[in-house]
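Listed below are the residues making up each chain.
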Amino acid sequence: MYTITLNQMAFHSHIGVYPAEKEVGQDITIDLALEIAAEPIADDLKTTVSYGDIYAKIREHVEQARVDLIETLAQELLTLTLQSDARILAATITIRKFGLPIDGVIDHAAVTLTHQQPGGAK
């Protein structure tokens, strides 16, 4: 078992509770760590999980998402990721949302979720 990480994936999203957040959008970054049950063999991509494919799925989903909460987006992305390859035993995602509609000084809000496949390693 090993871990693949995708860090600081940057997107412009249209998620949020307020209509302006969905219309104008805001920047988010995503970190994703995947626990993989595979043994890469002979430099063959088929023997591992393609992080390029995972990135493409994340990007497509974020570009289409219009949810209110980053928690919801995180849950959707974890489900999408875990369903994409049976060799992914567990995944942890952190989403940071910038440009918050808060009257104060704040860099970003973040949420981190972890999910494990049923029967996966603990």
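Here the structure is shown first, and the text comes after it.
Everything in this summary refers to the structure shown in the same document.

**Thoughts on the overall build of the protein**
Okay, so step 1: Each helix and strand counted, the protein has three helices and four strands in total.
Okay, so step 2: Its helices and strands in sequence order give the protein the pattern β-α-β-α-α-β-β, from N to C terminus.
Okay, so step 3: For the C-alpha atoms alone, the extent of the protein along its principal axes is close to 50 × 25 × 20 Å.
Okay, so step 4: The 122 residues of the protein split such that 41% are buried.
Okay, so step 5: Here the contacts in the protein between residues at least 6 apart in sequence split such that 60% fall between residues at least 24 apart.
Okay, so step 6: Total accessible area on the protein stands at roughly 7100 Å², and carbon and sulfur atoms take up 53% of it.
Okay, so step 7: Separation of charge centres in the protein, based on 9 positive and 17 negative side chains, amounts to 5 Å.

**Observations concerning the sheet that holds strand S1 (residues 2–13)**
Okay, so step 1: The strand order S1-S2-S3-S4 describes an open sheet built from four strands, whose pairing is antiparallel. Only two strands of the sheet have a single partner each, and these edge strands are S1 and strand S4 (109–116). If you compare each strand with its neighbour and ignore which way they point, the axes differ by 15° on average.
Okay, so step 2: As defined by bridge partners, strand S2 (residues 26–36) adjoins strand S3 (residues 88–97) across nine bridges and the pair is classed as antiparallel.

Scoring rules and cut-offs
- Residues numbered from 1 in each chain as written.
- Predicted model: local features only at pLDDT ≥ 70, side-chain atom pairs only at ≥ 80, totals over all residues.
- Heavy atoms only, no water.
- Helix = DSSP H or I, 4+ residues; strand = E, 2+ residues; numbered from the N terminus.
- Buried < 20%, exposed > 50% of the residue type's maximum accessible area, 1.4 Å probe, protein only.
- Contact = heavy atoms within 4.5 Å.
- Areas by Shrake-Rupley, 256 points an atom, 1.4 Å probe, with all protein chains shown as cover.
- Lys, Arg positive; Asp, Glu negative; His and termini not counted.
- Charge placed at Lys NZ, Arg CZ, Asp CG, Glu CD.
- Pairing = 2+ DSSP bridges.
- Axes fitted to C-alpha atoms, helices over the stretch in contact; angles between N-to-C directions.

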